Amino acid sequence: MEFGYFAQMFVPAHEQAIIPGYEQQRLLENLELSVMCEQFGFKYVWASEHHFLREYSHMPTPEVFLSFVAARTQRIRIASAIVNITAPVNHPVRTAERVAMLDNLSNGRFELGTGRGSSSTEVYGFGIPHVDDTRDLWEESIRQLPRMWGDDIYEYKGNSFSVPPREILPR
């Protein structure tokens, strides 16, 4: 059996209202729990990207959080659960660059999980007109990520994003 920890960054409003610095405290507690997971033999630390969700999650950049986990651990796998790869939220080239950097710096311990956003609050917050639109946006991006890492010179003209001929680094 394998065990993992899902770092969600839940910040209860009632606690944040009465404890100064509570948001940062919760972030650092989640970091410490993630580091301890390696000591207890857990296989994974997962972190998911969320936006605009007051209590549910204060994790807009899982790759930043996971880089801290990677720097303080040696073996535990670090994984995004999810990174929103729709172009209005995260340009696919920036996603390819950030996660390749994290994978390189963690010695290949990073696993990329992708998605489309979890709610209308998140989707509409980035100007996407309908939640259903995220399926096509996600499919366009997911097909391009392997090319960005594999092609010497990457070029693309699509529906939601375009890239002139460029090297996408690191790989």
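Structure: above.
Just so it is clear, the model here is predicted, and its values are computed rather than measured. (Residues numbered from 1 in each chain as written. Predicted model: local features only at pLDDT ≥ 70, side-chain atom pairs only at ≥ 80, totals over all residues. Heavy atoms only, no water.)

Colleague: Looking at this structure, I do not really get the pairing of strand E8 (residues 162–166). What am I missing?
Modeller: Each regular strand shows side chains that alternate between the opposite faces of the sheet. Direction of pairing for strand E7 (residues 154–157) relative to E8: antiparallel, over a ladder of three bridges. For Tyr 156, the partnering residue across the bridge sits in E8 and is Val 163. Counting the residues that bridge the hairpin from E7 to E8 gives four residues. (Pairing = 2+ DSSP bridges. Helix = DSSP H or I, 4+ residues; strand = E, 2+ residues; numbered from the N terminus.)

Colleague: Explain the pattern of salt bridges here, please?
Modeller: Any two side chains of opposite charge can pair, on the condition that their charged atoms come close. Summed over all chains, the structure comprises eight salt bridges. Salt-bridge contacts for Glu 32 lead to Arg 72; the nearest nitrogen and oxygen are separated by 2.8 Å. One end of the pair, Glu 32, is in helix H2 (residues 22–39); the other, Arg 72, is in the loop between helix H3 (62–71) and strand E3 (77–80), and 40 residues separate them in sequence. Ionic pairing is found between Asp 151 and Arg 147, a salt bridge with its closest N-O pair at 3.1 Å. The class for Asp 151 is partly exposed, based on a relative accessible area of 24%. On the basis of relative accessibility, which here comes to 30%, the residue Arg 147 falls in the partly exposed class. (Salt bridge = Lys/Arg side-chain N within 4 Å of Asp/Glu carboxyl O. Buried < 20%, exposed > 50% of the residue type's maximum accessible area, 1.4 Å probe, protein only.)

Colleague: Sorry, what's going on with a nonpolar patch on the surface here?
Modeller: Where nonpolar side chains cluster on the molecular surface, the patch consists of Leu 33, Met 36 and Phe 40 and spans about 300 Å² of accessible area. Among the structural elements, Met 36 can be located in helix H2. (Patch = residues over 30% accessible without salt bridge, like charges linked within 9 Å, V, L, I, M, F, W, Y side chains within 5 Å. Areas by Shrake-Rupley, 256 points an atom, 1.4 Å probe, with all protein chains shown as cover.)

Colleague: I keep staring at unusual backbone geometry and nothing clicks. Help me out?
Modeller: Leave glycine aside and you will find that most residues have negative phi; peptide bonds, for their part, are mostly trans. For the bond from Leu 169 to Pro 170, the omega torsion is -5 degrees, close enough to zero to count as cis. Tracing the chain through its elements places Pro 170 in the segment after E8. A positive phi angle, close to 65 degrees, is found at Phe 52, a residue other than glycine. Of note, Phe 52 is situated in the loop between strand E2 (44–47) and H3. Its identity is not glycine, yet Asn 107 carries a phi of approximately 60 degrees, on the positive side. Looking at the secondary structure, you find Asn 107 in the loop between helix H4 (92–105) and strand E5 (110–111). Asn 107 gets classed as exposed once you look at its relative accessible area, which sits at 72%.

Note that all results are geometric; they support no functional claim without further evidence.
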